[in-house]
Amino acid sequence: MSYEVKLDAFEGPLDLLLHLIHRLEIDIYDIPMADLTLQYMEHIRAMQVLELNEASEYLVMAASLLAIKSKMLLPIHEGEFDEDDLSVDMNDPRDELVNRLIEYRKFKEAAEVLQQLEEQRAQVFTRAPSDLTDYQTTKQLSAFDEQLNVYDMLGAFQKMMRRKQLKAPLATRIARQELSVKDQMKSVYHTLKSRGGSCSFSELFPSEDKPTLVVTFLSLLELMKRQMVFVEQQHNFDDLTVKLLNGRWEEELFEPIDE
Amino acid sequence: MSLLMSKIESLLFVTGDEGLSSKQIESLTDASASEVKEALLSLQADYIKSKIRGIELKELAGTYQLISKKKNASTIQRLVENPTNQPLSQASLEVLAIVAYKQPITRIEVEEIRGVKSERPLHTLGLKGLIQEVGRAEGTGRAILYGTTKEFLNVFGLNDTKELPSLPEVQDSEEEEQTDLFMTKFQEAFGEQKE
Amino acid sequence: MSLLMSKIESLLFVTGDEGLSSKQIESLTDASASEVKEALLSLQADYIKSKIRGIELKELAGTYQLISKKKNASTIQRLVENPTNQPLSQASLEVLAIVAYKQPITRIEVEEIRGVKSERPLHTLGLKGLIQEVGRAEGTGRAILYGTTKEFLNVFGLNDTKELPSLPEVQDSEEEEQTDLFMTKFQEAFGEQKE
């Protein structure tokens, strides 16, 4: 049962292996391949149930773990090996895996350090440069000989987003939720109205933006509850049709909606 | 009191050209009106008195904001005149980004996104030939709609505004995952397969 | 000196998160490098010492910038109602760490270290302005080489990538020595020089 909890927390097969090594208190330089492989396979099985996208990468690793395990099981009889076997014998079959794990662990730790730096940095704030256009002459304003690229613009946008965090109390309270159910109800209502009172369910969800889809869905439920619209389906698996019941939009009807 | 003054200086510093009202300062610092008033006066006096300070406290219509000291205006002037120090200002770049991605767009809409007045950056960008009027909005005001120019494409090395990289998503991946789960259930329930 | 300090405070105040290099400050104030250095240090000391100050001076991404005092973080955070800047995901942080320490680096190399596809985190980091294309690898594919940006330094409070804490070293040097010793003996015995 303990597998279910953490599966989505892994960043890949190496991450999962490090987790197991830590949990099983295994010496990374002397990995008991049978134990580790067993544990790893059990996790993979749990993941297949969940149909994770990266399953293939985990499966590739499973294959190499099995390969290493079987290499280690190969009996070595003295005096029987030829040149080729010698090279296999010289290198511990686990070496490559161990090196990869150690290398990956280094960066995983570095990522933690970055995270701490990010947190520390987030404790201090700076400000947007002042608007100095007052100081500029019109001639200067129209001069343009700068090397700019799209990333300068994206950078400016990022800075704005950062700064916008600090603007909240200056904005009005209404702006708290980007898209309100009430506004979306109105929008759904107008869509229906503009299409002569009915349209297909999917037409009401033109936006790819997930929060919008969710809010639109909620607004539709609210409209149904208020008997402003009803939804019907001709046949199984048909697209649903949404129909407008009440032709008038009365603002005051929607005042009590609690956001 | 010095603790409150420090907090107020931090707050006014980060809020930049927008400033804060004394009411806002009170609620942010949990100080009383009279304490805030006193702290603001002390800061003001300190900025004037202390020769090493380069900032001043200005009150305008009940809003307090920090500004650079007037006596250093000539130094600031040099900053503005020096072309290497004056790439397109942050404000202009922000407005340009918004216009580029959201065109056609009105001034009011730009200001809603930025949360600050944007008349001057729009003006500057117009003068630099990066944006232009592309029409008028429907409705009473018939507000000007702005869009980017050919010169804009030129400067940013684009053939078309469609070549602009997509904007970063605002929500984090965790949130996305949660929404995904919701969406999955949602789609299951309604047999919808939006892609 | 106090005059110079005042000018510098004014300049750093108006340039905000753009900041200024010491070279730029010199040319804007007609002061010598050593004077500017001294003034910056005095300002820095004054900000730390003075309890009523709410700002600090920091070198960030190669420029001097004023920042709010760390001890006032909780007050300023009250300004933040709905943070738009989500912290980076674990995947993005890992990729960023690899790019930061191994730059310039290709996507394939990143994926070899992580053992998983890393296209999306790389894309996200690009959009967040934390990494950028810094060239193309030699060879057939001419794969994109990634490196960190100024914004990266900014977000992580660094002045330079050299300020990154050094990568954790593999700790068990003793064990390595033992292996080496074994290998030496082994090679001596067999006269083999396998690479």
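How each quantity is defined
- Residues numbered from 1 in each chain as written.
- Chains lettered and ligands numbered in written order.
- Predicted model: local features only at pLDDT ≥ 70, side-chain atom pairs only at ≥ 80, totals over all residues.
- Heavy atoms only, no water.
- Buried < 20%, exposed > 50% of the residue type's maximum accessible area, 1.4 Å probe, protein only.
- Helix = DSSP H or I, 4+ residues; strand = E, 2+ residues; numbered from the N terminus.
- Pairing = 2+ DSSP bridges.
- Contact = heavy atoms within 4.5 Å.
- Core = buried A, V, L, I, M, F, W, Y, C linked by side-chain atoms within 4.5 Å.
- Axes fitted to C-alpha atoms, helices over the stretch in contact; angles between N-to-C directions.
- Parallel < 35°, antiparallel > 145°, perpendicular 65-115°, else oblique.
- Left-handed = near helix turned anticlockwise from the far one by under 90°.
- Nonpolar A, V, L, I, M, F, W, Y, C, P; charged D, E, K, R; others polar.
- Expected span 1.5 Å × (residues − 1).
- pLDDT = per-residue confidence, 0-100.
- Salt bridge = Lys/Arg side-chain N within 4 Å of Asp/Glu carboxyl O.

Colleague: It is not clear to me how the pairing of strand β6 (residues 144–148) of chain B should be interpreted in this structure. Could you clarify?
Modeller: Here is the key point about a regular strand: its side chains alternate between the two faces of the sheet. Residues and elements named next belong to chain B. Summarising burial for β6: 4 of the 5 residues are buried, a large majority. Both strand β4 (residues 105–106) and β6 contribute to a ladder of 2 bridges, which runs antiparallel. Bridge pairing links isoleucine 105 to tyrosine 146 in β6. Bridge count for strand β5 (residues 131–136) against β6 is 5 bridges, and the pairing is antiparallel. Paired with arginine 136 across the two strands is isoleucine 144, which belongs to β6.

Colleague: Got a minute to help me understand the side chain of glutamate 111 of chain B in this structure?
Modeller: The residue glutamate 111 of chain B is located in helix α6 (residues 107–114) in this model. Once you skip the residues sitting within four places of it in the chain, glutamate 111 of chain B turns out to touch Val116, Lys117, Ser118 and Glu119 of chain B.

Colleague: What is the right way to look at the nonpolar core in this model?
Modeller: General note: in soluble globular proteins, nonpolar side chains tend to be found buried as a group. Leu12 of chain B together with Leu12 of chain C are the most contacted members of the largest nonpolar core, which totals 49 residues. Residues in contact with leucine 12 of chain C, not counting those within four places in the same chain, are Leu20, Ile25, Leu40, Leu57, Tyr64 and Leu66 of chain C. Counting residues in hydrophobic clusters, the runner-up holds 29 residues, among them Leu125, Ile131, Leu158 and Leu167 of chain C.

Colleague: Please clarify how the environment of glutamate 94 of chain B should be interpreted in this entry.
Modeller: Its place among the elements puts glutamate 94 of chain B in helix α5 (residues 90–102). Along the sequence, glutamate 94 of chain B and serine 118 of chain B sit 24 residues apart, while their C-alpha atoms lie 9.8 Å from each other.

Colleague: What exactly am I supposed to notice about the packing of helix α1 (residues 2–15) of chain B against helix α2 (residues 22–29) of chain B here?
Modeller: Any two packed helices are characterised by how steeply their axes cross, that is the angle between the axes, and by the distance between the axes. All names here are of chain B. One can describe the packing of α1 onto α2 by two numbers: an axis separation of 11 Å at closest approach and a directional angle of 120 degrees. Comparing their axes, α2 and α1 come out oblique. For the element pair α1 and α2, the recorded crossing hand is right-handed. Residues Leu4, Lys7, Ile8, Leu11 and Leu12 of α1 pack against Ile25, Leu28 and Thr29 of α2. Considering only residue class, the contact of α1 with α2 consists of 6 nonpolar, 1 polar and 1 charged.

Colleague: What exactly am I supposed to notice about unusual backbone geometry here?
Modeller: With the exception of glycine, the majority of residues adopt a negative phi angle, and the majority of peptide bonds are in the trans configuration. With an omega of -5 degrees, the peptide bond between glutamine 103 of chain B and proline 104 of chain B qualifies as cis. For proline 104 of chain B, the position within the fold is in the loop between α5 and β4. Even without a glycine there, the phi angle at aspartate 30 of chain C is positive, about 55 degrees. Relative to the assigned elements, aspartate 30 of chain C resides in the loop between α2 (22–29) and α3 (33–49). For aspartate 30 of chain C, a relative accessible area of 60% corresponds to the exposed category. A positive phi angle, close to 50 degrees, is found at alanine 61 of chain C, a residue other than glycine.

Colleague: Would you take a moment to explain helix α5 (residues 90–102) of chain C for this structure?
Modeller: In an α-helix, one turn spans 3.6 residues; hence positions three or four apart end up facing the same way. All names here are of chain C. Its 13 residues place the ends of α5 18 Å apart at the C-alpha level, agreeing with the 18 Å of an ideal helix rising 1.5 Å per residue. Judged by how many residues are buried, α5 sits mostly within the fold: 10 of 13 residues are covered. Within α5, burial applies to Ala91, Ser92, Leu93, Glu94, Val95, Leu96, Ala97, Ile98, Val99 and Ala100.

Colleague: I tried to follow the environment of glutamine 24 of chain C on my own but got confused; where do I start?
Modeller: On the secondary structure map, glutamine 24 of chain C appears in helix α2. Given a relative accessible area of 23%, glutamine 24 of chain C falls into the partly exposed group.

Colleague: Is there a simple way to think about the sheet that holds strand β2 (residues 229–232) of chain A in this case?
Modeller: The strands making up a sheet associate through backbone hydrogen bonding, with each pair oriented either parallel or antiparallel. Residues and elements named next belong to chain A. The sheet built from 3 strands is open, its strands ordered β1-β3-β2 with antiparallel pairing. For this open sheet the edge positions go to β1 (198–200) and β2, each flanked by a neighbour on one side alone. Between one strand axis and the next, the sheet turns through 20 degrees on average, direction left out of account. Where β2 meets strand β3 (residues 241–244), 4 bridges bridge the pair, whose relative direction is antiparallel. Each residue of the ladder has a partner; that of phenylalanine 230, found in β3, is lysine 243. Where helix α9 (residues 181–194) meets the sheet, its contacts fall on β1, β2 and β3, and the angle it forms with β3 comes to roughly 90 degrees.

Colleague: Honestly, the pairing of strand β3 (residues 63–68) of chain B in this entry has me stumped. Any pointers?
Modeller: All names here are of chain B. Where burial is concerned, most of β3 is hidden: 5 out of the 6 residues are buried. Here strand β2 (residues 55–60) pairs with β3 via 6 bridges, running antiparallel. The residue of β3 that forms the bridge with leucine 60 is threonine 63. Hairpin connection, β2 to β3: the antiparallel pair is bridged by 2 residues, and alanine 61 has positive phi, about 50 degrees.

Colleague: Explanation requested: the confidence of the model for chain A in the structure shown.
Modeller: Detailed reading of the predicted coordinates is not advisable wherever pLDDT falls low. Here chain A shows a mean pLDDT of 72. Residues at 70 or above account for 57%. Here helix α1 (residues 2–6) of chain A stands out as the least confident element of chain A, with mean pLDDT 41; helix α2 (residues 13–23) of chain A is the most confident, with 91.

Colleague: How should I be thinking about the pattern of salt bridges in this particular structure?
Modeller: Opposite charge on two side chains lets them pair, provided their charged atoms get close. Residue and element names in this part refer to chain A. Tallied over the full model, the rule gives 22 salt bridges over all chains. When the shortest N-O distance is used, the salt bridge between aspartate 15 and lysine 108 registers 3.1 Å. Placement of aspartate 15 in helix α2 and of lysine 108 in helix α6 (residues 95–121) is noted, with a sequence separation of 93 residues between them. Look at aspartate 15 and you get buried, because its relative accessible area is 5%.

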